[in-house]
Amino acid sequence: MWLKPEEILLKNAFKLWVTEKDNEYFVLQRRRGYGEGGGGLTGLLVGTLDTVLDSTSKVAPYRILHHTPDSQVYWSIACGVTREEIVQHWDWLQQNIMRTLSVFDSSEDITSFVQGKIRGLIAEEGKSSLVLEEDPEKFREAHLRFEKWFELPTEEKLVTYYSCSYWRGKVPCQGWLYLSTNFLCFYSYLLGSEVKLVISWDEIWRLEKTSNVILTESIHVLAHGEDHYFSMLLHLNETFVIMEQLADYSIKRLFDKEAFQREPALSDPLQITKRGLEAHAKSEQFRTFFRLPKEENLLEVHESFLWVPFSHFNTLGKICLSENYLCFASQDGSQLFITKVIRGECQSLINHFEDNPEDVTLMVGQKDSSKAVSTEALMTVFHPQDVENLDPKMLKEKMKEQSWNIHFSEYGRGTSMFFTRKTRDLIVRGVPEALRGELWMLFSGAVNDMATHPGYYTELVEQSLGTSTLATDEIERDLHRSLPEHPAFQSDTGISALRRVLTAYAYRNPKIGYCQAMNILTSVLLLYAKEEEAFWLLVAVCERMLPDYFNRRIIGALVDQAVFEDLIREHLPQLVEHMTDLSFFSSVSLSWFLTLFISVLPIESAVNVVDCFFYDGIKAILQLGLAVLDYNMEALISCHDDAEAVTILNKFFDSVTNKDSPLPPTVQQASVGNNDKASHFNVDISELIREAYEKYGNIRSEEVESSRKRNKLHVIQTLEDTTKQNVIRVVSQEVKFSASQLDELYNLFKRQHFLSCYWTMKSPALLHHDPSLAYLEQYQLGFQQFSVLFSLLEPWAFCTSKSTLSLWIFRLIDENQDGLVNFKEFCYTLYSGSFTNKLKFLFKLHLPPVLNENTEGFPYYENITDSSAKNIKIVIALLTVLHLLCVKLTGRGKVDLQAYLKQWQNEILKKEETIKDLPRINQTQFIQFSKTLYNIFHGNPEEESLYRAVAHVTSLLLRMEEVGRRLQEPSSPTKPANTTAAAAAAAAAAEESSTEEASTTPETFDTSGSHNSQDAAPDLSELEWSFSFEQVLASLLNEPALVSFFERPVDVHAKLGQAKVAQLKLKANNLNDIPPICHGAHTV
């Protein structure tokens, strides 16, 4: 590898380096302790020194130096891992550089020429790299060490690396931490003791910063039940953030694909860089903080003073610029300002800051905008305000409106409004009914989405009109369950609007489609916002504010429940002491998070909670949850069981009222589960929210997001572990593996699935993975992945032609022919079973359709997909129905529906197959069966005796067939010569595949008439003989060598351990080296 020319000091260097070649201008050296004469104490000391100092010499112990005769300065210009590599560089210098150097007059010119030439070579190499790193030279050296030490596939992308200490028990190991796209790696070498650690990001359960008495600050990683601690990091926070981002990236890409599809910047795992991760994280934080559309990316951040008109002084903060928005946040976070700018103005602002870096003051004109959106909604239709007859509640409502109007006049209105502490105070008191829709749109950022997508909702409604899917069926079922007692949803007006919004969103986002609780949330949105506004509010909630809440596994809600448990431990220690198991609160609070308290609070109180949610996000829901538990602390501590605790909370929610609500009693009681409140105290929702902000308002949004990331790993892995346990429970009933063996085997199976996904986004395995499917179907392997794993675990270690055998096995276990096998099907191919079961399995491999001259073979499995398999089944079903109709119309037969139902039931409930159910094997299939046996035995220490046993079995079977023919046809003449020829042909055909590979051939073949094989070949097609499985089994049982071979136990534990070590080195696409499988049955 060519290196950027760097001056080195050779005063003491010759003690560590040995010169092997030199000339007038170049020196080739080898590191002491490496190569010939390496090892010993010198090797240990030098190796330790190189590792601690992060020297390239550890993995590249050869180097080339440049110098001139009249100078004492040396320049390193190349290094090499092997002698061949460094000699290749040396030869290039001799052929291309040495002849040119003689024309220069001065040493300075020679050195300048050599340095320029080397830099040119490095630049040419850099053109092929995907990205430019911050320090290309250092990064190239680190990447060289990364590849050498961990032997990962060349496609694995190193992101960054850090010096640190890894703790093994109480002993620290100083070394280097390497963070790549798919793996966390650590390497240390100290006095001959080498430490290597490789953990894939998808295996991590917990990632957090910790501190204790010994370690002031460290990073804790939990994987496979083992704790790993990394400390002594110079940039610990930076390292942790990168690790957190890589783990989150892996989780989204491999497990939670619904969220990952919205991350185009990280779509290619081969182009992930530290700089790219940092930019993506900043943009994501920027969008979340200012509630901007997902298309916006942070371009520039500048420290600046903003002139605030209402306070008449400059406020220090940061200006953030994206493609379409200019945003400002004060230094203490108390003031926010957002304004939409015309495309192109942001670039002029960026140029202004670049040209005038000392100018930190920016004047932003305040636009006098009217209402940002219309607030006409269902509430205005079904509950119009009576302006003439104002009761005390309506007067108070008008006072709230007046307070907001004063706020608008002072701080602005619409997208250019300043968000200050006064804004939050007004939110806590409650938003007026007339302004609720406008402010929800503003605070959620939905107003920006709607402005950038004019006409989008109308198009969606037209496109989704009349569609029939599972989501639309569920929507129709739940339409009349959405606030059923509210007048707005007792008429076709409200129901039709709800149907259109939910159907349009299901059409927009089919990955989510429709989830229960979306109908309740959308109903409330429609009460206060127009139909299109309600749609964009739903988009903001489902895709930004509550990510992953409304997917099939409600991962987002489970994550926030875990965050809620952490906050309970921190803020309510008395409750934790009494109820050590906090899972109760997770189950109780699920509806709180999914419906934003709408399902548990009266509607007039719940809307106040929604006000706070749109302003502060999930933080408002967490605060309110803590306040509810704190309010009922004494009652919860004194309760004896969970049922009593649930009753306490339900009574509390029924007692919550909104004394300032102007809604009529019929509407107020619409969402109340228990109307009998006379015997219970009342709690005002405004007081409850105010108390939540006073006690728990110090919870920062950044802490919540950090806790979300930390707990998401644990939630995902818990769901994955549940899937594994369910699969193992089902499979363990049908195979003879122990629970621990099945656990290891499942980990290998799942890892093989991921290995085909790590380095590409178009992996069939990644596309087929669907967490919503049944447990057994969530992880499936295609033929290539199956072949690799089968080669690691197959029970016959000496078997040749593994690719052909694995293809037949794959065909056999892939019953639905969709090109995928699940874990249960895979387990059937390994180890378990008696001699009879193993033989039956091999026998079935040579029966149609697995082995068929007319079968199209492997290409079928490359092209078939789930959808095409389903289409094939649909076509077959339609043809069957058409056939039945034709039979009925033509009168050629009577349709027996009971018979078809019985046949269908038999197909669903297949009885256990017996050996008598197996069809007979014909001569072509039997010859191939014999070939397979020879391939299995090839290389075995008892190969010769096994070959003889198979030859004896072949002769015995053919003699049995001859006797059977004589008994069945006594009058017909027999042809013993033909039978003998058939036996010879079968033996010769079986021998054909083995003699090409084996050095020894069974004597039986030499004496059983192999010289007649040519004469017998023409007659072979005229003979019609076949064998049943019972005949084959009986014949093989007479050969002790064969019986002992198949009954010999396999050390499953050792086999699994070897596969675990070798699996990572066998990339999924290494299967390109497998020879192509031709059509037909005789390919080996």
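This is a predicted model, so every value here is computed, not measured. The numbering scheme is per chain: residues are counted from 1 as the chain's sequence reads. At least 70 in pLDDT is required for a residue's local features to be given in this predicted model, at least 80 for side-chain atom pairs to be given and counted, and no such filter applies to totals for whole chains, interfaces and linings, which use all residues. To obtain the side-chain values, all non-hydrogen atoms of the structure were included, while hydrogens and water were left out.

**Description of the overall build of the chain**
Only DSSP runs of H or I reaching four residues or more are called helices, and only runs of E reaching two or more are called strands; each is numbered from the N terminus. Tallying secondary structure elements over the chain gives 46 helices and 22 strands in all. Only protein chains enter the area calculation, which uses a 1.4 Å probe; residues under 20% of their type maximum are buried, those over 50% are exposed, and those in between are partly exposed. The proportion of buried residues among the 1084 residues of the chain is 52%. Contact definition: two residues touch when any of their heavy atoms are within 4.5 Å. Taking contacts inside the chain between residues at least 6 apart in sequence as the whole, the part at least 24 apart equals 70%. Accessible surface is estimated by sampling points in the Shrake-Rupley manner with a 1.4 Å probe; for residues, cover comes only from the protein chains shown. Carbon and sulfur atoms form 53% of the exposed surface of the chain, whose accessible area is close to 51,000 Å².

**Points about the sheet that holds strand E9 (residues 193-200)**
Strands are treated as partners if at least two bridges between them are detected by DSSP. Strand order in the open sheet formed by seven strands is E9-E8-E7-E6-E12-E11-E10, with antiparallel pairing between adjacent strands. The outermost strands of the open sheet, each flanked by one partner alone, are E9 and strand E10 (204-210). Strand-to-strand twist in this sheet, taken as the mean axis angle between neighbours without regard to direction, amounts to 30°. Strand direction decides the pairing type here: strand E6 (residues 158-168) and strand E7 (residues 171-180), joined by 10 bridges, are antiparallel. Bridge pairing in E7 links Thr160 to Leu179. Convention adopted: a line fitted to C-alpha atoms gives each axis, helices being fitted over their contacting stretch, and angles between N-to-C directions are expressed from 0 to 180 degrees.

**Points about the packing of helix H20 (residues 555-571) against helix H24 (residues 618-631)**
Closest axis-to-axis distance for the H20/H24 pair is 10 Å, and the angle between their directions is 50°. It follows that H20 is oblique to H24 by the angle criterion. H20 and H24 meet at a crossing whose hand is right-handed. Here Asp560, Val563, Phe564, Leu567, Ile568 and His571 of H20 lie close against H24, whose contacting residues are Ile618, Leu622, Gly625, Leu626 and Leu629. Considering only residue class, the contact of H20 with H24 consists of eight nonpolar, two polar and one charged. For classification, angles of less than 35 degrees are called roughly parallel, those exceeding 145 degrees roughly antiparallel, those between 65 and 115 degrees roughly perpendicular, and all remaining angles oblique. It is the rotation of the near helix from the far one that decides the hand of a crossing: anticlockwise by less than a right angle makes it left-handed, clockwise makes it right-handed. Each residue is assigned to one class: nonpolar for Ala, Val, Leu, Ile, Met, Phe, Trp, Tyr, Cys and Pro, charged for Asp, Glu, Lys and Arg, and polar for all the others, Gly among them.

**Description of the sheet that holds strand E5 (residues 74-80)**
Taken in spatial order, the five strands make up an open sheet running E1-E5-E4-E3-E2, and their pairing is antiparallel. The open sheet has two free edges, formed respectively by strand E1 (2-8) and strand E2 (17-22), since each of these has just one partner strand. The sheet shows a mean angle of 30° between the axes of neighbouring strands, direction not considered. With five bridges joining them, E2 and strand E3 (residues 26-31) adopt antiparallel strand pairing. Paired with Lys21 across the strands is Leu28, a residue of E3.

**Points about H20**
An α-helical turn contains 3.6 residues, so a residue and the one three or four places further along point in the same direction. Here, expected helix span is obtained from the residue count minus one, scaled by 1.5 Å. The end-to-end C-alpha separation of H20 is 24 Å, in line with the 24 Å expected for 17 residues at 1.5 Å each. Counting buried positions over the 17 residues of H20 gives 12, a clear majority of the element. On its buried face, H20 sits against helix H21 (573-578), helix H22 (583-595), H24 and helix H29 (701-731).

**Concerning the pairing of strand E4 (residues 62-66)**
Among the five residues in E4, five count as buried, and that is most of the element. What you see with E4 is no split at all: Tyr62, Ile64 and His66 on one side and Arg63 and Leu65 on the other are buried throughout. Note: E3 against E4, five bridges, orientation antiparallel. Note that in E4 the partner of Gln29 across the bridge is Arg63.

**A closer look at the nonpolar core**
Inside soluble globular proteins, nonpolar side chains tend to come together where they are buried. Counting 128 residues, the largest nonpolar core has Phe443, Met518, Phe550, Trp592, Phe614 and Leu629 as its most contacted members. Counting residues per element, this core draws most heavily on helix H19 (residues 531-545), at 10 residues. Apart from residues no more than four positions distant in its own chain, Phe443 is found in contact with Arg291, Trp404, Met417, Phe419, Thr423, Ile427, Phe614 and Tyr615. With 127 residues, the next largest nonpolar core counts Leu236, Val735, Leu776 and Ala1041 among its residues. Joining through side-chain atoms within 4.5 Å is the link that ties buried Ala, Val, Leu, Ile, Met, Phe, Trp, Tyr and Cys residues into a set, and such a set is a nonpolar core.

**Remarks on the confidence of the model for the chain**
When pLDDT is averaged along the chain, the result is 76, and 72% of the positions lie at 70 or above. The predictor reports its confidence for every residue as pLDDT, a score running from 0 up to 100. Predicted confidence is poor over residues 669-679, with pLDDT under 50, and the contacts of this stretch with residues over four places away or in other chains come to 19 contacts.

**Some words on the pattern of salt bridges**
Salt bridges are identified by distance alone: a Lys or Arg side-chain nitrogen within 4 Å of an Asp or Glu carboxyl oxygen. Overall, the coordinates contain 36 salt bridges when judged by the stated rule. As a salt-bridge pair, Asp630 and Lys695 come within 2.6 Å of each other at their nearest N and O atoms. Here Lys695 lies in helix H28 (residues 685-696) and Asp630 lies in helix H24, a separation of 65 residues in the sequence. We note a salt bridge from Arg690 to Glu687, for which the minimum N-O separation is 2.5 Å. Placement of both Arg690 and Glu687 in helix H28 is noted, with a separation of three residues, approximately one turn of the helix. For Glu687, a relative accessible area of 37% corresponds to the partly exposed category. Look at the salt bridges and you will find they share partners, linking Glu565, Asp566, Arg569 and Arg710 into a network.

**Considering unusual backbone geometry**
For Leu483, which is not a glycine, the phi torsion comes out positive at approximately 45°. As for its placement among the helices and strands, Leu483 is situated in the loop between helix H16 (470-478) and helix H17 (492-508). The backbone of Ala517 sits at a positive phi, close to 95°, despite the residue not being glycine.

**Here we look at the packing of helix H23 (residues 603-616) against H24**
Running from N to C, H23 and H24 cross one another at 135°; their axes reach a closest spacing of 6 Å. Here H23 lies oblique to H24, going by the angle between them. Each of Val609, Cys612, Phe613 and Asp616 in H23 lies in contact with H24, whose residues at this interface are Ile618, Lys619, Ala620, Ile621 and Leu624. Each residue belonging to the contact of H23 with H24 can be placed in one class, and the counts come to seven nonpolar, no polar and two charged.

**What about a negative patch on the surface?**
Exposure above 30% relative accessible area and the absence of a salt bridge qualify a residue for a patch, where like charges join within 9 Å and nonpolar side chains (Val, Leu, Ile, Met, Phe, Trp, Tyr) within 5 Å. For the purpose of charge, His is not counted, nor are the chain termini; Lys and Arg are scored as positive and Asp and Glu as negative. Lysine's charge is taken at NZ, arginine's at CZ, aspartate's at CG and glutamate's at CD. Judged by side-chain charge, Asp70, Asp105, Glu108 and Asp109 come together as a negatively charged surface patch. Summarising the element assignment, Asp105 is placed in the loop between helix H3 (98-101) and helix H4 (107-127). For Asp105, a relative accessible area of 81% corresponds to the exposed category.

**Here we look at the environment of Leu521**
With respect to the helices, strands and loops of the structure, Leu521 is situated in helix H18 (residues 518-528). Overall, Leu521 belongs to the buried group, its relative accessible area being 1%. Leu521 sits 20 residues away from Val541 along the chain, and the two C-alpha atoms are 9.5 Å apart. Excluding residues that lie within four positions of it along the chain, Leu521 makes contacts with Leu538, Val541, Phe550, Leu596 and Ile598.

**A closer look at the environment of Ile122**
Relative to the helices and strands, Ile122 resides in helix H4. For the pair Ile122 and Trp2, spaced 120 residues apart in the sequence, the C-alpha separation amounts to 6.4 Å.

**Some words on the packing of aromatic side chains**
Put simply, two rings from Phe, Tyr or Trp (the six-membered ring, in Trp's case) pair if the centres are within 6.5 Å, and we call them stacked under 30 degrees between planes, edge-to-face over 60, tilted for the rest. With the rule as written, the count across this model stands at 51 aromatic pairs. Measuring from centroid to centroid gives 5.0 Å for Phe289 and Phe290, while their planes differ by 90°, and the two rings are edge-to-face. Assessed through its relative accessible area of 4%, Phe290 is described here as buried. With a centroid separation of 6.3 Å and 70° between ring planes, the pair formed by Phe564 and Trp592 is classed as edge-to-face. With Phe564 in helix H20 and Trp592 in helix H22, this residue pair connects regions lying 28 residues apart in the sequence. There is no split in this pair, since Phe564 and Trp592 are both buried. Taken together, the aromatic side chains of Tyr746, Phe749, Phe783, Phe786, Phe790, Phe810, Phe823 and Phe826 make up a single cluster linked through ring pairs. Positioned above the aromatic ring of Trp17 is the side chain of Arg63, whose terminal nitrogen or guanidinium carbon lies 4.0 Å from the ring centre. Look at NZ for Lys and CZ for Arg. If either is within 6 Å of the ring centre and within 35 degrees of the ring normal, a charge sits over the ring.

**Digging into H16**
Considered for burial, the residues of H16 that qualify are Ala471, Thr472, Ile475 and Asp478. In a view along the axis of H16, the buried residues occupy a sector of 130°, so they form one face of it. On its buried side, H16 packs onto H17 and H18. Directions drawn from the helix axis to the C-beta atoms are what define this arc.

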